[in-house]
Amino acid sequence: MKRYVYINDDNLAQDLYCDNRISNRKYTIWNFLPKNLWEQFSRFMNQYFLLIACLQLWSLITPVNPASTWGPLIFIFAVSAIKEAWDDYNRYLSDKKANEKEVWIVRQGIRKLIQAQDVRVGNIVWLRENDEVPCDLVLLGTADPQGICYVETAALDGETDLKTRVIPSACMGIDIELLHKIKGVIECPGPDKDIRRLDANMRLFPPFLDNDMFPLTIKNTLLQSCYLRNTEWACGVAVYTGNETKLGMCRGVPEPKLTAVDAMIDKLTGAIFVFQIVVVIVLGIAGNVWKDTEARKLWYVRYPKQGPWYELLIIPLRFELLCSIMIPISIKVSLDLVKGLYAKFIDWDDHMVDLETKTRSNAANTAISEDLGQVEYILTDKTGTLTENKMIFKRCCISGRFYGNENGDALTDTELLNAVSSGSADVIRFLKVMAICNTVIPVRSKSGAISYKAQSQDEEALVRAAARLHMVLANKNGNILEINLNASLLQYEVLDILEFTSERKRMSVVVKDCQSGKIFLLSKGADEAILPHSHAGQEIRTYAETVEQYAQLGLRTLCLAWRELDDDEYQEWALMFKDANSTLIDREWRVAEACQRLEHDLEILGVAAIEDRLQDGVPETIATLRKAGINFWMLTGDKQNTAIQIALSCNFVSPEPKGQLLMVDGKTEDEVCRSLERVLLTMRITNTEPKDVAFVVDGWALEIALKHYRKAFTELAILSRTAICCRVTPSQKAQLVELLKTCDYRTLAIGDGGNDVRMIQQADIGVGISGREGLQAARAADYSIGKFRFLKRLILVHGRYSYNRTAFLSQYSFYKSLLICFIQIFFSFISGVSGTSLFNSVSLMAYNVFYTSVPVLVSVLDKDLSERTVMQHPQILFYCQAGRLLNPSTFAGWFGRSLFHAIVVFAITIHSYALEKSEMEEVSMVALSGCIWLQAFVVALETNSFTVLQHLAIWGNLVGFYAINWIVSAIPSSGMYTIMFRLCKQPLYWITMILIVAAGMGPVLALKYFRYTYRSSKINILQQAERLGGPILSLGNIESQTRTLEKDLSPLSISLPKNRNSSVYEPLLTESPNSTRRSLGAGAPFDFFQSQSRLSSNYSRNCKDN
């Protein structure tokens, strides 16, 4: 939808568009309570607990006081609501600060100071140096005579280098006094979030211009939250305001990511719910049968002979309320709390601080830390991610002559320096293209030294190299460039800029020599974007071979070219280019078409080679993570040979003969088909061999493969441990991530630039590097780190610990709830299957909120192995990748443990007090005490590394249990008056506790000892080595699932590894070496728990390699 902005006319646009009030708030004072409750009750589990709480209000069926459910429910809802309210209040304060900033605007020809929130579309906004831009503006004037100003866009895209903005050509030459009176209309599209693009037109009304149309681009704008720098003043007309600015449209809450652990917990919760319904139905039927056959015969039961029509539902509903605690109501709050702590551990980690930039790691997403420990594929960018993104000009080839080959540095090559000094025409033209064909801004300091501000590291390297070779870009004054060459001044007027795009892969400028009046087209870009456009008759074979040679050395290459333009040709093309820039429909496509019409018959001048060094620690990090069974894919826009050389140098691929590279190439469907078939055949043959096989594919072949042979390419992705994808676009990067996700692999994408954002957001886990390309990737990511090498610690330490702790916490939460519920069920067998509760309401409420929560929350400090051991033996990450600590098998172990402990507590309690004339409250307190004692020892047994805080939490919680109950027992109206005092004086009570602990923990300890002694896992071996202080030289091969692909696959077919079967075994403990979270096969009883994540496709072979 088009928008018409009338410049400096308040009446025409006053009510059409929103004001400039910024609002990032989610709630208001009036809608907070209903909206927050609606959001919380939109979750099934909360609806379930609300239903249970409402049923407990029915006095006829509730076995306990409704407070036992309403209390925890209100507490949990209150905690969530308070957190949301606090976050929203902070957003409100931030909005208030921004809205109340003072801004100068022009109204009726007079400058006025108003609040930013009162700016309207069409107002002229006046900015001074270092002012923040309050809304999206189209520039009308600046302090610079050439209409240029400089802006800092770090708040918008994270890029710290200054950018130039220029006023539209329609406003050139308008006096500052007349800017107050300017009138006109801007035709622009509706609000969008594309910060790189604006397709608009401007018309100024007489007397300024006679309704001529002038195109507007993003270069003519100042966007909200940018800062005006190095410019005394600038003014512009507001075109988008408030939440309709480009930055406002980019705001929003990202889609929540569901971790594999959360998915498994949801399925286990569903299974428990089904089990609960079955139990309720069985006990409900049994209760009604007993009532009709036995209860009516007992005079003291007093059942009426005929009840209401719903009488048959009363007992089942009682059991539903009694068994509702099977699903722990506090599990979500507990998990949210500990996940927040996991994120803080990452923020606080001093081992993950980039000392060069003082950048700390940051966890923007607090909900997915455990997924870091289950990563199976890492998809990484190359430039700035694996490399430093510090470009250094190293070599060049000019007119077939090589410079820098001897000493590895062209800037010190005597032959090149002599050619510059002697004024070699070929060399001078080559250097002119290096110095002129760019968007670099020269900045002269007070001392006269020149520094350069560049958006592209490649361009900065070329301009600096040209300056070292005496072709100095000295000044940019509007469209006039000043070049110093051997003490002589050259001036060029920039007529047009044909900007670089990822599709064109080249950039060109049209310049006019101010001395001769000649017009030239200067171009630079990738070899495939420049060489095919050379003029007929020019020999380009030498340059193609040069590009390959430099790529073999791991250097980045750019081809440089130029041609002279006739005046008539340029004038005709300029009209076409202006028309293309003026259209609002398909402007980008029409501009690209116009550029294509000019960029032909080029004279190739030579090839420039730039070095981008690897970051420190990259080879070691990749080697370590490969040992952990993680597969690596490199996704880059660089040339194939350059990408391969970088891959070899950073341990991505092993050199021959251990490693093997398979090429997937072709320009047509048939060629790609044959190439895929050949590579797949080789992959199947080498699948069982201990060989490091990788495939290489370029963007063209990838496009065809994904479109026409997706199944075959998917199989190739599964078979290969490593892939190198070169010349790929940002959208192709995201497609590859999605491809692996459809195969149920956990993916992590890491990058540092704006072209990596789509890939990062698409992956299960997005990691951004705070690099030289800005902070776009870091801001879009779930985690940001300073260097690639920190990824090793992020995954192996933080990811693994988070997974282990979450697995224990979630299963323990179910264990403690099932324990108390099973005791209630057993009690029903001696209470006429009536649904009567053994425990009073206060005890049930305190059980979940106080008695059992504190010890388990300190499990966030538990470490089964030291950080040093984990980093030395990355293979143990397999236990997390395979989900061996949280799956149906381990959950069955905790389920069995809760059932066994419930039998122990109930049997010993009842038999100990069967002959005593005890009150029911006394029996209830004995059983509850037994549960608390058992859980203290369970937590202690499952804790691997004790700290003072953990001891205080476990044993202090036990002391706190008695302190709370002594206080309650002192209150006459509590219903527990003097009970704890009496029990603590009885020797029988303490004997009962000892018996419960011995009977409950004895078999568990025996099983644990048996497994540690005779069935030790690799983790157990490392734990024993740590305790004994001895080194572990080799762990051997960790158990893994082998993937079986059918050998008789037809050409270009696919067989996904959906049936990677494994046995299920778990003796009441949580570290069974055979238990996995993989699917048990089609039609198996536990198919309900089909895996949410897959092992890397060839894990057994990978382990052998390492």
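Residues numbered from 1 in each chain as written. Predicted model: local features only at pLDDT ≥ 70, side-chain atom pairs only at ≥ 80, totals over all residues. Heavy atoms only, no water.

Participant: Hey, could you go over the overall build of the protein for me, with residue numbers and the actual values?
Facilitator: Scanning the protein from terminus to terminus reveals 36 helices and 35 strands. Considering the protein as a whole, with its 1106 residues, one finds that 56% of them fall into the buried category. In the form shown here, the protein has an accessible surface area of approximately 46,400 Å², with 57% of it arising from carbon and sulfur atoms. (Helix = DSSP H or I, 4+ residues; strand = E, 2+ residues; numbered from the N terminus. Buried < 20%, exposed > 50% of the residue type's maximum accessible area, 1.4 Å probe, protein only. Areas by Shrake-Rupley, 256 points an atom, 1.4 Å probe, with all protein chains shown as cover.)

Participant: Could you give an account of the packing of helix α3 (residues 44-55) against helix α8 (residues 311-323), with specific residues and numbers?
Facilitator: Running from N to C, α3 and α8 cross one another at 125 degrees; their axes reach a closest spacing of 10 Å. With respect to each other, α3 and α8 are oriented oblique. Crossing handedness for the pair α3 and α8: left-handed. Contacts between α3 and α8 involve Y48, I52 and L55 on the former and, on the latter, L317, E320 and L321. (Axes fitted to C-alpha atoms, helices over the stretch in contact; angles between N-to-C directions. Parallel < 35°, antiparallel > 145°, perpendicular 65-115°, else oblique. Left-handed = near helix turned anticlockwise from the far one by under 90°. Contact = heavy atoms within 4.5 Å.)

Participant: How would you summarise unusual backbone geometry if you had to cite specific residues and measurements?
Facilitator: Not every positive phi belongs to a glycine, and N8 is a case in point at roughly 60 degrees. Locating N8 in the fold gives a position in the loop between β1 (2-7) and α1 (10-13). Owing to a relative accessible area of 9%, N8 belongs among the buried residues under this scheme. Notably, S225 is not glycine yet its phi reads approximately 80 degrees, a positive angle. With respect to the secondary-structure elements, S225 resides in the loop between β11 (221-222) and β12 (227-229).

Participant: Got a sec to walk through the pattern of salt bridges? Specific residues and values, please.
Facilitator: One pass over the full model with this rule turns up 39 salt bridges. R793 is the salt-bridge partner of E867, the closest N and O atoms lying 2.7 Å from each other. Of the two residues, E867 is situated in helix α28 (residues 867-872) and R793 in helix α25 (residues 790-829); the sequence distance between them amounts to 74 residues. Among the residues examined, R793 registers a relative accessible area of 11% and is labelled buried. Note that R982 is salt-bridged to E922, the shortest N-O span being 2.7 Å. Of this pair, R982 sits in helix α33 (residues 979-985) while E922 sits in helix α31 (residues 920-942); the two residues are 60 residues apart in sequence, bridging distant segments of the chain. (Salt bridge = Lys/Arg side-chain N within 4 Å of Asp/Glu carboxyl O.)

Participant: Account for the packing of helix α20 (residues 699-708) against helix α22 (residues 730-742), naming residues and giving values.
Facilitator: At a minimum axis separation of 11 Å, α20 and α22 run at an interaxial angle of 45 degrees. The angle between α20 and α22 places the two elements in the oblique class. Both α20 and α22 take part in a crossing whose hand is left-handed. Facing G699, L702, E703 and L706 of α20, the residues of α22 in contact are Q732, Q735 and L736.

Participant: How would you explain helix α12 (residues 457-468) if you had to name every residue and give the values?
Facilitator: With 12 residues, α12 should cover 16 Å at 1.5 Å per step; its first-to-last C-alpha distance of 16 Å lies within 8% of that length. Taking burial as the measure, the 12 residues of α12 include 9 buried ones, the bulk of the element. Inspection of α12 places Q457, D458, E459, E460, A461, L462, V463, A465 and A466 among the buried residues, and these make up the whole buried set. In the segment just after α12, H470 is the residue with positive phi, at about 75 degrees. (Expected span 1.5 Å × (residues − 1).)

Participant: Break down the environment of T1013 for me, citing the residues and quoting the values.
Facilitator: Here T1013 lies in helix α34 (residues 987-1014). Here Y1009 takes part through its backbone oxygen, which lies 2.7 Å from a polar atom of the side chain of T1013. (Polar contact = N/O pair within 3.5 Å; in protein donor to acceptor, adjacent residues only side chain to side chain.)

Participant: Could you give me a rundown of the sheet that holds strand β26 (residues 519-525), with the residues and numbers involved?
Facilitator: A sheet is described by the order of its strands in space; here 9 strands give the open sequence β19-β18-β28-β27-β26-β25-β24-β23-β22, paired in antiparallel fashion. Among the strands making up the open sheet, the edge pair consists of β19 (401-403) and β22 (471-477). The mean inter-strand angle of the sheet, taken between neighbouring strand axes irrespective of direction, is 30 degrees. Of the strand pairs in this sheet, strand β18 (residues 387-398) and β19 are connected by 3 bridges, and their pairing is antiparallel. Residue C396 lies in a different strand from β19, and its bridge partner there is Y403. Helix α11 (residues 425-436) rests against β18, β19, β22, β23 (480-485), β24 (488-498), β25 (506-513), β26, β27 (556-565) and β28 (603-614) of the sheet, and its axis sits at about 55 degrees to β28. Where α12 meets the sheet, it contacts β18, β22, β25, β26, β27 and β28, and its direction lies at approximately 50 degrees from that of β18. (Pairing = 2+ DSSP bridges.)

Participant: With reference to specific residues and values, describe the nonpolar core.
Facilitator: In terms of nonpolar packing, the biggest core is built from 146 residues, with I378, L748 and L791 touching the most fellow members. Excluding residues within four positions of it along the chain, L791 makes contact with I378, L625, L748, I750, V767 and I785. (Core = buried A, V, L, I, M, F, W, Y, C linked by side-chain atoms within 4.5 Å.)

Participant: Explain helix α30 (residues 888-913) to me, and be specific about the residues and the numbers.
Facilitator: Helix length check: α30 (26 residues) gives 37 Å between terminal C-alpha atoms against 38 Å at 1.5 Å per residue, within 8%. For α30, the side-chain oxygen to backbone nitrogen distance between the N-cap and S889 is 2.8 Å, and the N-cap itself is N887.

Participant: Can you explain the pairing of strand β8 (residues 184-189)? Please cite residues and give values.
Facilitator: Burial of β8 is extensive: 5 of the 6 residues sit out of reach of the surface. Relative to β8, β1 runs antiparallel, the two being bridged by 6 bridges. When the bridges of β8 are listed, Y6 appears paired with V185. Inspection of the sheet shows β8 paired to strand β9 (residues 200-204) by 4 bridges, in the antiparallel sense. What sits directly across from G184, in β9, is L204.

Participant: So what's going on with the confidence of the model for the protein? Which residues, and what values?
Facilitator: With 87% of its residues at a pLDDT of 70 or more, the protein has an overall mean of 82. At the level of individual helices and strands, the protein shows its lowest average pLDDT in helix α36 (residues 1099-1105), which scores 36, and its highest in β26, which scores 94. Under a pLDDT of 50 for its full length, residues 1039-1106 has, in the predicted model, 212 contacts with residues more than four places off or in other chains. (pLDDT = per-residue confidence, 0-100.)

Participant: Please set out the packing of aromatic side chains residue by residue, giving values where relevant.
Facilitator: One pass over the full model with this rule turns up 34 aromatic pairs. Where Y962 meets W966, the ring centres are 6.2 Å apart and the plane angle is 45 degrees; that geometry is what we call tilted. On the criterion of helical spacing, the pair formed by Y962 and W966 is a turn pair, its members being 4 residues apart in helix α32 (residues 948-969). Lying across the ring of Y17, R3 places its NZ or CZ 4.0 Å from the centre. Of note, R897 hangs over the ring of W894, and the distance from its end group to the ring centre comes to 4.3 Å. (Phe/Tyr/Trp six-rings, centres within 6.5 Å; stacked < 30°, edge-to-face > 60°. Lys NZ or Arg CZ within 6 Å of the ring centre and 35° of its normal.)

Participant: How would you explain the sheet that holds strand β13 (residues 233-240) if you had to name every residue and give the values?
Facilitator: An order of β3-β2-β4-β13-β5-β11 is seen for the 6 strands of this open sheet, with the pairing classed as antiparallel. The sheet is open, and its two borders are formed by β3 (110-115) and β11, each paired with just one other strand. Here 6 bridges tie strand β5 (residues 136-142) to β13, and the two strands are oriented antiparallel to one another. What sits directly across from D136, in β13, is Y240.

Participant: Help me get a handle on the side chain of Q881, residues and values and all.
Facilitator: Within the secondary structure, Q881 is located in helix α29 (residues 878-881). Relative accessible area serves as the criterion here: at 1%, Q881 is assigned to the buried category.

Participant: So, a negative patch on the surface: which residues are in play, and what are the values?
Facilitator: A cluster of acidic residues, E564, D566, D567, D568 and E572, forms a negative patch on the protein surface. Broken down by element, the negative patch gets its largest block of residues, 3 residues, from helix α15 (residues 567-582). Its location among the elements puts E572 in helix α15. (Patch = residues over 30% accessible without salt bridge, like charges linked within 9 Å, V, L, I, M, F, W, Y side chains within 5 Å. Lys, Arg positive; Asp, Glu negative; His and termini not counted. Charge placed at Lys NZ, Arg CZ, Asp CG, Glu CD.)

Participant: Give me a nonpolar patch on the surface: which residues, what numbers.
Facilitator: Together, W86, Y89, Y92 and L93 line one region of the surface with nonpolar side chains, adding up to about 420 Å² of accessible area. Along the chain, W86 turns up in helix α4 (residues 67-99). Note on W86: relative accessible area 53%, which makes it exposed.

Participant: Outline the state of the cysteines, listing residues and values.
Facilitator: Per the counting criterion, the structure on display carries 0 disulfides. As a non-bridged cysteine, C726 has C725 as the owner of its nearest cysteine sulfur, 7.5 Å distant. (Disulfide = S-S within 2.5 Å.)

Participant: Break down the environment of A882 for me, with residues and values.
Facilitator: Mapped onto the elements of the fold, A882 is located in the loop between α29 and α30. Through-space distance from the C-alpha of A882 to that of E376 is 9.7 Å; in sequence the pair is 506 residues apart.

Participant: Describe in detail the environment of E388, supporting the description with residues and values.
Facilitator: Mapped onto the secondary structure, E388 falls in strand β18. Judged by relative accessible area, which is 25%, E388 ranks as partly exposed. Sequence separation between E388 and D616 is 228 residues; the distance between their C-alpha atoms is 8.6 Å.

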